[in-house]
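# Summary of the model geometry
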Amino acid sequence: FVCLENVTYPAGAIILNDGEVEVGQMQLSFQTPNNLTGTIPPEFGHIQGMTHVDLQYQKGLYGPIPSTIGNLVGLQTFSLLFAGPELGGVIPSSLFTIPTVEYITLMRN
């Protein structure tokens, strides 16, 4: 479980790379403003073992939700509550085809 509350990161502190990491189950939870900025990269959909994505109150997020989100075959919950006002576009249909998804919220973006 990854929960980073009340933490401020300098620009560029959170980086995805192409290194191989073996993870059983992973939850990504940012439920308080952490000044995350930028887009959700397509590579996000290739994180094996991701079960929960919770990106609440991240006003700096913008751009579309990548269609690769449908690759998260074990995903159970996906929440973008009060994320950035510039986050949007067409919601990828692949999000709704994941058989393990129990809960999706995309409110107030």
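Our subject in this report is the structure included herewith. Starting afresh in each chain, residues are numbered from 1 along the sequence in its written order. pLDDT decides what is reported in this predicted model: residues at 70 or higher carry local features, side-chain atom pairs at 80 or more are listed and counted, and totals for whole chains, interfaces and linings draw on all residues regardless. The basis for every side-chain value is the complete set of non-hydrogen atoms in the structure, without hydrogens or water.

## Notes on the overall build of the protein
If you tally the helices and strands in the protein, you get zero helices and eight strands. The contact definition used throughout considers only heavy atoms, calling two residues in contact when any of these lie within 4.5 Å. Across the protein, every contact between residues at least 6 apart in sequence was considered, and the portion connecting residues at least 24 apart equals 74%. Using the Shrake-Rupley algorithm and a 1.4 Å probe, accessible areas are obtained, with residue cover drawn only from the displayed protein chains. Accessible surface for the protein amounts to roughly 6,600 Å². Of this, 55% is attributable to carbon and sulfur atoms. Strands here are runs of E lasting at least two residues and helices are runs of H or I lasting at least four, both read from the DSSP assignment and numbered beginning at the N terminus.

## Some thoughts on the sheet that holds strand β3 (residues 37-38)
Strands are labelled as partners when DSSP assigns at least two bridges between them. Strand order in this open sheet of three strands is β3-β5-β7, and the pairing throughout is parallel. The open sheet has two edge strands with one neighbour each: β3 and β7 (86-87). As paired elements, β3 and strand β5 (residues 60-63) share two bridges and run parallel to each other. Within β5, the position partnered with Gly-38 by the bridge is Leu-61.

## Section: the pairing of strand β4 (residues 50-55)
Using a 1.4 Å probe on the protein chains alone, a residue whose accessible area is under 20% of its type maximum counts as buried, one over 50% counts as exposed, and one in between counts as partly exposed. Within β4, six of the six residues are buried, leaving the element largely enclosed by the surrounding structure. Pairing of β4 with strand β6 (residues 77-79) involves three bridges; the strand directions are parallel. Residue pairing for β6: His-52 is matched across the bridge by Thr-77.

## Description of unusual backbone geometry
One non-glycine residue, Tyr-57, adopts positive backbone phi at about 60°. Residue placement: Tyr-57 occurs in the loop between β4 and β5.

## A word on the environment of Met-107
In this structure, Met-107 sits in the segment after β8 (103-105). In this structure Met-107 touches Leu-80, Leu-81 and Phe-82, once residues within four positions along its chain are discounted.

## Quick notes on the side chain of Asp-54
Structurally, Asp-54 can be placed in strand β4. Asp and Glu count as negative and Lys and Arg as positive, but His and the ends of the chain are not part of the count. Salt bridge, as used here: a side-chain nitrogen of Lys or Arg that lies within 4 Å of a carboxyl oxygen of Asp or Glu. Of the side chains with opposite charge, Lys-59 lies nearest to the buried Asp-54, which makes no salt bridge, at 13 Å.

## Comments concerning the side chain of Ser-94
With respect to the helices, strands and loops of the structure, Ser-94 is situated in the loop between β7 and β8. Ser-94 gets classed as buried once you look at its relative accessible area, which sits at 18%. Within the structure, Ser-94 has its side chain in polar contact with the backbone nitrogen of Gly-70 (distance 3.4 Å). Whenever two N or O atoms come within 3.5 Å, that pair is a polar contact, provided that in protein one can donate a hydrogen and the other can accept it, and provided that, for residues adjacent in sequence, both atoms are side-chain atoms.

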